[in-house]
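The primary structure of each chain is shown beneath.
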Amino acid sequence: MANDTPMQDAVVTPDSATVLRRGTSPAARAIDLVLRRIAAKIVVPYLVLMALMASIGTFVVVQIITQSLEERLLNQLVDSGRKANDAMVAQEQDNLRVVRAVAFTEGVAQATLARDAAYLERVILPIHANSSADYIFILDTTGAPVLSMKVDDSDGDGVGTIKPFPLDGDVKDWPSVQFILRGSADQYGDKYAEWRLMSQGYGLFTTGAIRDVQNRLTGVAVVGSTDRRVIERLNRD
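All of these numbers come straight from a predicted model, not from anything done at the bench.

For the rest of this paragraph, the subject is the overall build of the protein chain. Regarding its fold elements, the protein chain presents five helices and eight strands. Along the protein chain, helices and strands appear, N-terminal first, in the series β-β-α-α-α-β-β-β-α-β-β-β-α. Scored against the burial criterion, the 237 residues of the protein chain give a buried share of 29%. Residue pairs in contact within the protein chain that sit at least 24 positions apart in sequence constitute 51% of those at least 6 positions apart. For the protein chain, the accessible surface area stands at approximately 15800 Å², while carbon and sulfur atoms represent 58% of it.

As structure tokens, this is what we get:
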């Protein structure tokens, strides 16, 4: 039996396969438009809010990370500075022990006064060989060198040889040497330290007075370490 129900024409769009009825009324279109506007008013503010919160969250996270990195860098700089200072102080203390060992060795005061370089070399060479010092200079009361020795490691094998060392310029003009020659002393005594540029690089030098049994000044002992030794100590510590 044939179906007498009239059929409505429809158009099918190939993209969405959605059937649009030709008989859609104006009222239905108006309701659909209103619903679309309501959905837009609800969704758009949420999208804006979400974008704003994402921006704020990103800013806060970046600030926290940046502050953390700055604090870590500052702590590393402070720690590096402390280690560098500790390494120099430790090296200066080593130099000071050698200065005292040289100055208090029997016969050094008299040999310095008599400018007896042979005796000085004989008694100071063992001290030099058993220390970490690179330089040892003995000066008389005018600041003129009586003995000057340096560890020579030019071949780079790590085993240095102590050899005579021609001094660069006038060591007597060094402030630390002048303090001792003038008899100056501070609350820490008559031992001084300073950095000096030598022909083979910078060195950390410690100076001390050589005195006889009557406490009369007979010379100056200068003990130094190369900057490379100080850096090696810094890396080791």
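Here strand β6 (residues 192-198) pairs with strand β7 (residues 201-211) via seven bridges, running antiparallel. The partner of arginine 196 across the bridge, within β7, is glycine 203. Connecting β6 to the next strand, β7, in antiparallel fashion are two residues.

So, about the pairing of strand β8 (residues 217-226). Of all the ten residues making up β8, nine are buried; the element is thus mostly covered by neighbouring parts of the structure. As paired elements, strand β3 (residues 135-139) and β8 share five bridges and run antiparallel to each other. Paired with isoleucine 138 across the bridge in β8 is alanine 221.

A word on the environment of proline 145. By the element assignment, proline 145 lies in strand β4 (residues 145-152). Look at proline 145 and you get partly exposed, because its relative accessible area is 42%. Through-space distance from the C-alpha of proline 145 to that of arginine 115 is 9.0 Å; in sequence the pair is 30 residues apart. Setting aside residues up to four positions removed in sequence, proline 145 forms contacts with Arg115, Ile138, Leu139 and Leu167.

Phi is positive for arginine 115, which is not a glycine, with a value near 55 degrees. By the secondary structure assignment, arginine 115 is in the loop between α2 (108-113) and α3 (117-129). The backbone of asparagine 215 sits at a positive phi, close to 65 degrees, despite the residue not being glycine. Residue classification places asparagine 215 among the exposed positions, given a relative accessible area of 53%.

A few words now on the sheet that holds β8. Spatial strand order, β5-β4-β3-β8-β7-β6: six strands in an open sheet with antiparallel pairing. Strand pairing shows two members of the sheet lacking a second neighbour, β5 (161-164) and β6, which therefore form its edges. For this sheet the average axis-to-axis angle between neighbouring strands, irrespective of direction, equals 25 degrees. Of the pairings in the sheet, the one linking β7 to β8 comprises nine bridges and is antiparallel in character.

Turning to the pattern of salt bridges, a few remarks are in order. Scanning all chains against the criterion turns up six salt bridges. Residue arginine 229 is joined to aspartate 134 by a salt bridge in which the shortest nitrogen-to-oxygen separation is 2.8 Å. Of the two residues, arginine 229 is situated in helix α5 (residues 227-236) and aspartate 134 in the loop between α3 and β3; the sequence distance between them amounts to 95 residues. Of the residues examined, aspartate 134 reaches a relative accessible area of 5% and is grouped as buried. Among the ionic pairs, lysine 163 bridges to aspartate 152, the shortest N-O distance being 3.1 Å.

Rules used throughout
- Residues numbered from 1 in each chain as written.
- Predicted model: local features only at pLDDT ≥ 70, side-chain atom pairs only at ≥ 80, totals over all residues.
- Heavy atoms only, no water.
- Helix = DSSP H or I, 4+ residues; strand = E, 2+ residues; numbered from the N terminus.
- Buried < 20%, exposed > 50% of the residue type's maximum accessible area, 1.4 Å probe, protein only.
- Contact = heavy atoms within 4.5 Å.
- Areas by Shrake-Rupley, 256 points an atom, 1.4 Å probe, with all protein chains shown as cover.
- Pairing = 2+ DSSP bridges.
- Axes fitted to C-alpha atoms, helices over the stretch in contact; angles between N-to-C directions.
- Salt bridge = Lys/Arg side-chain N within 4 Å of Asp/Glu carboxyl O.

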